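Examining the three-dimensional arrangement
One-letter residues, chain by chain:
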Amino acid sequence: MSFLNKEICDGDNPDLTEERRTATFDTDRMAQVIYGSEKFAARRRQITKSISRIPALQDTKPLAFMTREEKITEACRELDVLSDHWEQLIYVNDEEEALHLHREVIGMEGHPFALHETMFIPTLVSQASDEQQEKWLGRARKREIIGCYAQTELGHGSNLRKLETTATYSPSTQEFILHTPTITALKWWPGALGKSSNYAIVMADLVIKNKSYGPHPFIVQLRDEKTHQPLPGITVGDIGPKMAFNGADNGFLGFDHFRIPRGNLLMRHNRVEPDGSYLKPPHAKIGYSSMVKVRSRMAMDQGLFMAQALVIAVRYSAVRRQGFLEDKSQEVKVLDYQTQQHRLFPSIARVYAFIFCGLETIQLYEKLILDVNKNGDTSGMADLHSLTSGLKSVVTHFTGQGIEQARMACGGHGYSMASYISEIYGVAVAGCTYEGENMVMLLQCARALVKAVELVEEGHPEKLSPMMAYLTKPSVTVDLTVGPEAYVKIFQLIAKKQAFKATEQLHKFMVAGDSRDVAWNKSAVELTKASRLHTRLYILKTFIRRVESITDISVKAALTDLLNLHLNYELLDVASYALADGIMSSTQMDFIKNQLYSSLEKIRPNAVSLMDSFQFSDLQLRSVLGRRDGHVYQNLFEWAKSSPLNQSEVLPSVTQYLKPMMEKSKL
Ligand SMILES: CCCCCCCCCC/C=C\CCCC(=O)SCCNC(=O)CCNC(=O)[C@H](O)C(C)(C)COP(=O)(O)OP(=O)(O)OC[C@H]1O[C@@H](n2cnc3c(N)ncnc32)[C@H](O)[C@@H]1OP(=O)(O)O
Ligand SMILES: Cc1cc2nc3c(=O)[nH]c(=O)nc-3n(C[C@H](O)[C@H](O)[C@H](O)COP(=O)(O)OP(=O)(O)OC[C@H]3O[C@@H](n4cnc5c(N)ncnc54)[C@H](O)[C@@H]3O)c2cc1C
C-alpha cells in the first residue's frame, strides 16, 4: 500500500520516489502528531500553500551570497510583503502561526521581528498591567512599533543580580532615570536592538532612595517614531558580524541619564507608587518570566532546527550513491550503510522526542502565566524553571551534535553553504548560550535536584514534586525484554544514583568546612551530570507517554520503532554509569546493542518519510541538497554558477596581483 501518492511526483529523483513508496504510514497523519493537532498541521500546510502563491516571496537570491546589509534588507522586504498579506495568511495574534510564517519565508538568519514576537510581546503580556497593555500591546501586535529585549550587558549576562544599568526613581518628577554608569554596563547582544527596534524592554536595577531592588523590566522608547533617529540620551548600534544570525542586528545600548515616566516600569506584579514606595511581586523571580517562556519553547524550536538538518541529510543520503554492497552492478544509496543510519537515525528519534517535550513545556508555560495573571498563583514557577533550565541545556547540546553529524553525513557537499547545514548549525548552537548559558542552567536544575535529595534524606519524600518521585525508587533487577518501562526503571536508577552521589559530595565538602557556595563549585561537574541524567529521563518518559497516546496504528508503529531506537541508544550512551554501579550487566549491554542495530534496519524504509512528515517547504529549507525533488547535482552546478565570483571570467585580484606576480617570477 502506498500512502503518499499525493506527494509522489514523476519528475522527482526516482530514488527518492522509491523511498516515499516504501513508507508504512501517512505523512499528513504523522504531521498531526509532530505539530500537536490535526488543525495546526493543516493550517501550516495551508499557510505554506498561500505563501507559494505570492510571487514576491519566491525565487529569492541565495542568502549565502549576500552581505549582512543585503540579508537585513531582504528580510525587511519580505516582512513588508508579509505585512501586506498578514490577515489573509494567518489568524491575527496566533503566535504559532506567526512563527511558522516567519520561519517559512525569512529563514533562520534572523529578522527585525524575531525578538518582537518571541520576547517583547510576551513580556508585555506577562509583566504589563492591564492599563499598560492597553497602551502598548495593541500597537506592538499591529507592528506599529518594533521592540526587543535588552537585558544582557557587556560585562554580565549570566549573573543578573550584577547588571549595572540603573533605573533610579525621582519622586519629584515621577520619572525613572536610566543610566549606563560604566562601559561594562552597555547593553550588548539583544537581537534586533542595533538598527531595527524603536522600543525595548530594558532590564535595569531599580533604585529607590539609594536602595537597590534588583533587575526589573521597563518599556523604553529608543528612537523617534517618525525619523527613527535615536532619542537624545541614547547610544545604540549594531555589535558586528556573528558566527550565524547575520540577518539580525544584535545591538549595544547606552543611556545617559535618560528619563522615562513612572508608568514605564512594567507593573503587573510589582509597583512603584508616586511617593516611591515599592510593592513587592508575589514571587521574587516573576520578572524573569520571559526567559522561562523562551526556554519553554526551545525543545520545540531546537527540535525543528535539527529536523531541518536531518531532512537535508536523509534525502541527500537517499539520492547519493557511492560504493557497493552485494550487487556490484549498481552503487548503493549511502543511506543503506549501517554507519550512516547510526549517524542519522538516533538524531531523528531525538528530534521527535524533543518536539514532544516542547509541546508539553509550551503548554506548561501558558498554564503558568494564566495561573499567575488570573489567580496570583506562582506555585508552578520553581518546577517549570528547573525543568526548562535542564531541558534547554540538554536539547541544545544534542541538537548541535546532531546537526554536525548531519553535515558530515553529507560528505563534501555538506560543507558547502549550498547544503545550508552550516547556517542551521550556527543558529542552533547559539541556543547553548542564549537564554542562559548551558552550564549555568544545568546548575539551576541541580539546585532543585539537590533540594529534592535533601528532602528524601530528611525523611520527607511526600514533599517531592512528581518529577522527582523517582528519587525514592528502590534498586531492583530489571528484565529489559519486557519493554519501555524496564528501560525507564534502569534510567531512573542511574539518574537517582548520580543525584545522590553529587549531593553526597556537596555535603562532604561542607562537613569538611567549605561554605555551601565553595562546596557547590567543587561538586559542580557531578551536579551537572545529575541534571543531564534527570533531564534525559524526562525526555525519555515524555517520548513513551506521547507514543502510547497515538491512535493511528501505522503512525504509532513507525514511532514505536523510533522509540525503541531512542531507548537503546540513550541507555547505551549512559552505560558507563550503569556498569560502574552494577545496575546493568555486560549481557544486558549486548542485548541493548543488538536491539539498537535491529532498530536501525526497521527504521530504514521509513527514514525519508519520517523526515518528509515535517512538511518543510523548499523555500524554508533553502538547501540544494535537501530539495524535495532530489535533483541535487544539476542544482548544485546552477548554485555555484550564481556565485558572485563567477560573474566574470577574470577577477580584478588576478589582474592586480597574481598576473604581475607571475610576470615578475618569469624575469
Ligand atoms: C526564525 C526562527 C525562529 C525560531 C525561534 C527561536 C527563537 C530565536 C529568537 C530568539 C533568539 C535569541 C533570544 C535570546 C534572548 C536572551 O538571551 S535574553 C537573556 C537571557 N539571559 C539569561 O537567560 C540569563 C541567565 N541567568 C539567569 O536566568 C539568572 O541569573 C539565574 C537563574 C542564573 C540566577 O538568577 P538569580 O536572580 O541570581 O537567582 P539565584 O539567587 O541564583 O536564585 C534564587 C532562587 O530563585 C530561583 N530562580 C531563578 N530564576 C527563576 C525563575 N525564572 N523562576 C523561578 N525560580 C527561579 C533559583 O533557582 C533559586 O531557587 P532556590 O533558592 O535554589 O530554591
Ligand atoms: C545569538 C544570541 C542572541 C542573544 N540575544 C539576546 C537578547 O535578545 N537579549 C539579551 O538580553 N541577551 C541576548 N543574548 C545574550 C545571552 O543571553 C548571554 O550571552 C547568555 O545569557 C550568556 O551570558 P554571558 O554572555 O554573560 O556568558 P558568561 O556567563 O560570561 O559565560 C562564560 C562562561 O562562564 C561560565 N559561567 C558563568 N557563570 C557561571 C556560574 N555561576 N557557574 C559556572 N559557570 C559559570 C559559563 O558556563 C561559560 O562557560 C544573546 C546571545 C546570543 C549569542
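Residues numbered from 1 in each chain as written. Chains lettered and ligands numbered in written order. Predicted model: local features only at pLDDT ≥ 70, side-chain atom pairs only at ≥ 80, totals over all residues.

**Examining the sheet that holds strand β7 (residues 234-238)**
Spatial ordering of the open sheet is given by β4-β8-β7, a layout of 3 strands whose pairing is antiparallel. Two strands close off the open sheet at either side, each with one partner strand: β4 (187-188) and β7. Sheet analysis places β4 next to strand β8 (residues 251-255), joined by 2 bridges and oriented antiparallel. From the neighbouring strand, lysine 187 faces β8, where its bridge partner is leucine 253. (Pairing = 2+ DSSP bridges. Helix = DSSP H or I, 4+ residues; strand = E, 2+ residues; numbered from the N terminus.)

**Re the UniProt feature "active site" (unreviewed entry) in the protein chain**
The UniProt feature table records "active site" (unreviewed entry) at Glu435. Among the structural elements, glutamate 435 can be located in the loop between α12 (421-430) and α13 (438-457). The contact partners of glutamate 435, leaving out residues within four places of it in the chain, are Met291, Val294, Arg295, Met298 and Lys392. (UniProt positions renumbered as here; feature names shortened; annotations may be inferred. Contact = placed C-beta atoms within 7 Å.)

**Section: the environment of aspartate 224**
Secondary-structure assignment places aspartate 224 in the loop between β6 (211-221) and β7. Overall, the presence of 12 C-beta atoms within 10 Å leaves aspartate 224 in the exposed class. Excluding its chain neighbours within four sequence positions, the residues that come into contact with aspartate 224 are Gln229 and Leu231. (Buried ≥ 20, exposed ≤ 12 C-beta atoms within 10 Å, placed from the backbone.)

**A short note on the site of ligand 2**
Every one of the 22 residues lining ligand 2 counts as a neighbour, but Gln151, Thr152, Gly157, Ser158 and Met439 are closest to it. At the level of elements, β1 (147-150) and α13 are the ones that each hand at least two residues to the shell around ligand 2. Sort the elements by how many residues they give to the shell around ligand 2 and α13 lands first, with 3 residues. Here the residues of the shell around ligand 2 sort into 11 nonpolar, 9 polar and 2 charged. Each of domain 2 (146-281) and domain 3 (290-460 + 484-610) gives at least three residues to the shell around ligand 2. (Near = placed C-beta within 6 Å. Nonpolar A, V, L, I, M, F, W, Y, C, P; charged D, E, K, R; others polar. Domains from an automatic or database assignment.)

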